[in-house]
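In case you want the letters, here they are:
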Amino acid sequence: MRKIINSLPILIDDLSYGCLCVDEYGDILYANKMLCQMLEYKKDEILYKKIWKIDESINNVDELNEKFIEITNEPNSSIILKYKKKSGNVILSKCLPTLYTDENDKNLYLLIIKNIENIYSDRNILLNKDLEKYIQLGEMIEDILHQWKTPISLILTTTSGIKLKKELDSLSDEDYMLYIEYIEKSAKYLNSVINTFKCFFNNKNEKENFLMEEIFNNASFLLSSKLKNSNIEIVMENYNKSIFSYKQLFIQIVLILMNNSIDAIDNTNNEKNYIFIDSFVKENKFHFLIKDNAGGINNEYLKKIFDYKFTTKGDKASGIGLYMIKTILNREFKNSSITCKNKNFIYKNKELRGLEFLISFDL
């Protein structure tokens with residue numbers, strides 16, 4: 001996990017959100033540039049200090065773990081905290097904590113922090129353009145760090161193998177080149193994760209030309225760990241369409257819908273799991289379809305599914321994702337709509353049933 005902490009500056013140092021990593025003893029292990037700017041500290045002034053140096057709502061280790069373990073048990077839940085600047089002034093901040101456990105079963109908390117003094121309102125926070133990405137940031141970082149575990153382990157294992165064989169004087173040229181290839185492939189994979197991550201959190205919402213294939217590939221890449229763990233096959237059709245629209249916003253929409261399908265599939269016992277994605281243009285209007293084979297939902301929920309904080313998943317979800325999609329579409333995409341229905345269909349000579357979403361907007 002220390003390797004992961006060392007990689008945090010690469011991932012999130014330049015984000016427009018405050019980011020803080022704290023261990024279960026209250027020691028601050030990492031603070032990004034924005035957090036230091038918000039609180040008017042230099043990094044070396046708060047690193048390895050106790051979090052209660054800057055957080056007025058926490059006084060000791062017990063309060064730290066009680067507060068954050070409770071909140072991290074509720075997906076996408078957040079907490080309002082008072083952070084103290086170096087000058088002594090206090091700012092009201094919204095904090096989204098994510099819990100990680102290292103190889104020694106020690107807890108680490110990654111805190112995503114936003115100054116909300118000027119925008120504090122329960123519903124307005126959710127509608128704020130900048131905070132839409134903030135809501136997803138904790139889960140996204142968790143996905144990325146999970147993807148990093150395998151290549152990092154491979155690099156460590158490979159370097160240990162090189163060292164051992166060198167000490168035993170049994171390192172052949174062939175073994176050496178093979179080990180170097182493993183390391184290079186793993187490093188390239190880590191770099192591609194970083195680049196995709198930075199692209200996703202680009203704050204520029206401007207129209208541009210892009211291929212739908214690029215959107216689907218980026219979304220599948222960011223969710224690759226979840227897709228693999230849930231044994232889900234992505235079936236894409238008509239993905240080579242080029243459109244002129246808001247690329248970054250559309251990636252967010254696709255990610256939310258794919259995550260929704262993954263969560264639904266995880267509650268089934270299907271022999272095969274699928275997410276189907278299709279897109280087409282008709283009469284200068286773009287249409288995007290996504291469906292799964294998770295069995296659908298109760299018909300009475302279909303009219304409520306885009307309501308604020310409505311969820312069919314109980315405490316396992318916040319009910320914000322689909323509401324956010326509808327908000328983004330209504331605000332940014334001309335003459336847009338999103339509909340949802342239960343769908344029975346045939347694939348590979350088998351009858352399947354799942355939830356189908358259709359998004360449409362003018363080009």
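Conventions adopted
- Residues numbered from 1 in each chain as written.
- Predicted model: local features only at pLDDT ≥ 70, side-chain atom pairs only at ≥ 80, totals over all residues.
- Heavy atoms only, no water.
- Helix = DSSP H or I, 4+ residues; strand = E, 2+ residues; numbered from the N terminus.
- Buried < 20%, exposed > 50% of the residue type's maximum accessible area, 1.4 Å probe, protein only.
- Contact = heavy atoms within 4.5 Å.
- Areas by Shrake-Rupley, 256 points an atom, 1.4 Å probe, with all protein chains shown as cover.
- Pairing = 2+ DSSP bridges.
- Axes fitted to C-alpha atoms, helices over the stretch in contact; angles between N-to-C directions.
- Parallel < 35°, antiparallel > 145°, perpendicular 65-115°, else oblique.
- Left-handed = near helix turned anticlockwise from the far one by under 90°.
- Nonpolar A, V, L, I, M, F, W, Y, C, P; charged D, E, K, R; others polar.
- Core = buried A, V, L, I, M, F, W, Y, C linked by side-chain atoms within 4.5 Å.
- Phe/Tyr/Trp six-rings, centres within 6.5 Å; stacked < 30°, edge-to-face > 60°.
- Lys NZ or Arg CZ within 6 Å of the ring centre and 35° of its normal.
- Expected span 1.5 Å × (residues − 1).
- Patch = residues over 30% accessible without salt bridge, like charges linked within 9 Å, V, L, I, M, F, W, Y side chains within 5 Å.
- Salt bridge = Lys/Arg side-chain N within 4 Å of Asp/Glu carboxyl O.

Caption draft 1: Inspection of the overall build of the protein at higher detail. Counting secondary structure elements, the protein contains eleven helices and twelve strands. Counting only residues that meet the buried cut, the protein has 48% of its 363 residues in that class. Summarising the internal contacts of the protein: among those between residues at least 6 apart in sequence, 64% fall at separations of at least 24. For the protein, the accessible area works out to roughly 18500 Å², and carbon and sulfur atoms hold 47% of it.

Caption draft 2: Inspection of the side chain of Ser 245 at higher detail. Mapped onto the fold, Ser 245 is located in strand β8 (residues 242-246). On the basis of relative accessibility, which here comes to 3%, the residue Ser 245 falls in the buried class. Excluding residues within four positions of it along the chain, Ser 245 makes contact with Glu 206, Lys 207, Glu 208, Phe 210, Phe 333 and Phe 361.

Caption draft 3: Region of interest: the pairing of strand β12 (residues 350-362). In this structure, strand β10 (residues 285-292) lies alongside β12, joined through seven bridges in antiparallel fashion. Looking at the pairing, His 287 lines up with Ser 360 of β12. Pairing analysis gives eleven bridges linking strand β11 (residues 337-347) to β12, with the strands arranged antiparallel. Pairing of Thr 339 across the sheet is with Leu 358, part of β12. Where β11 hands over to β12, the hairpin turn is made up of two residues, of which Lys 348 adopts a positive phi near 55 degrees.

Caption draft 4: Region of interest: the sheet that holds strand β9 (residues 273-282). One open sheet accounts for five strands, arranged β7-β9-β10-β12-β11; its pairing is mixed. Strand pairing shows two members of the sheet lacking a second neighbour, β7 (232-237) and β11, which therefore form its edges. On average, each strand axis in the sheet is tilted by 20 degrees relative to the strand beside it, whichever way the strands run. Here β9 pairs with β10 via eight bridges, running antiparallel. Within β10, the residue paired with Phe 280 across the bridge is His 287. Packing against the sheet, helix α10 (residues 247-265) makes contact with β7, β9, β10 and β12, and its axis sits at approximately 20 degrees to β10.

Caption draft 5: Representation of the packing of helix α8 (residues 212-222) against α10 within the structure. At a minimum axis distance of 10 Å, the contact between α8 and α10 shows a crossing angle of 50 degrees. Here α8 lies oblique to α10, going by the angle between them. Both α8 and α10 take part in a crossing whose hand is right-handed. Taking contact as the criterion, the partners of Met 212, Glu 214, Ile 215, Asn 218, Ala 219, Ser 220 and Leu 222 in α8 are, on α10, Lys 247, Phe 250, Ile 251, Val 254, Leu 255 and Met 258. Among the residues forming the contact of α8 with α10, the class breakdown is nine nonpolar, two polar and two charged.

Caption draft 6: The nonpolar core, seen in detail. Ranked by internal contacts, the top residues of the largest apolar core, which has 44 residues, are Phe 250, Ile 253, Leu 257, Phe 288, Ile 325, Phe 357 and Ile 359. Elements with a contribution of two residues or more to this core: α8, β8, α10, β9, β10, α11 (321-332), β11 and β12. No other element matches α10, which puts eleven residues into this core. Aside from chain neighbours lying at most four places away, what touches Ile 253 is Ile 325, Ile 328, Leu 329, Phe 333 and Ile 359. Counting residues in each nonpolar core, the second largest holds 23 residues, with Cys 36, Ile 54, Ile 58 and Ile 113 among its members.

Caption draft 7: Inspection of the sheet that holds strand β2 (residues 28-31) at higher detail. The five strands lie next to each other as β2-β1-β5-β4-β3, forming an open sheet whose pairing is antiparallel. With partners counted over all chains shown, the strands left at the sheet margins are β2 and β3 (79-84), one partner each. Within this sheet the neighbouring strands show an average axis-to-axis angle of 35 degrees, counted without direction. Relative to strand β5 (residues 107-115), strand β1 (residues 18-23) is paired through six bridges, and the arrangement is antiparallel.

Caption draft 8: Quick peek at the packing of aromatic side chains. The final tally for this structure, using the stated rule, is twelve aromatic pairs. Seen in terms of ring centroids, Phe 250 and Phe 286 are 5.9 Å apart; in terms of plane orientation they differ by 75 degrees. Their pairing is edge-to-face. Here Phe 250 is found in helix α10, whereas its partner Phe 286 is found in strand β10, with 36 residues between them in sequence. We classify Phe 250 as buried; its relative accessible area is 0%. Note on Phe 286: relative accessible area 0%, which makes it buried. Put simply, the rings of Phe 216, Tyr 246, Phe 250, Phe 286, Phe 288, Phe 333 and Phe 361 pair up and form one aromatic cluster. Here the guanidinium or amino end of Lys 291 rests over the ring plane of Phe 276, the centre of that ring lying 5.7 Å away. For the cation-ring pair, Lys 291 lies above Phe 345, with the distance from its terminal atom to the ring centre recorded as 4.1 Å.

Caption draft 9: Up close: α11. Taking 1.5 Å as the rise per residue, α11 with twelve residues should run 16 Å; its terminal C-alpha atoms sit 16 Å apart, in good agreement. Among all positions in α11, only Leu 322, Tyr 323, Met 324, Ile 325, Thr 327, Ile 328, Leu 329 and Glu 332 are buried.

Caption draft 10: Up close: a nonpolar patch on the surface. A cluster of nonpolar side chains, namely Leu 154, Leu 178 and Tyr 182, defines an oily patch on the protein surface of about 230 Å² accessible area. Within the fold, Leu 154 resides in helix α6 (residues 129-167). Taking relative accessible area as the criterion, Leu 154 reaches 35% and is therefore assigned partly exposed.

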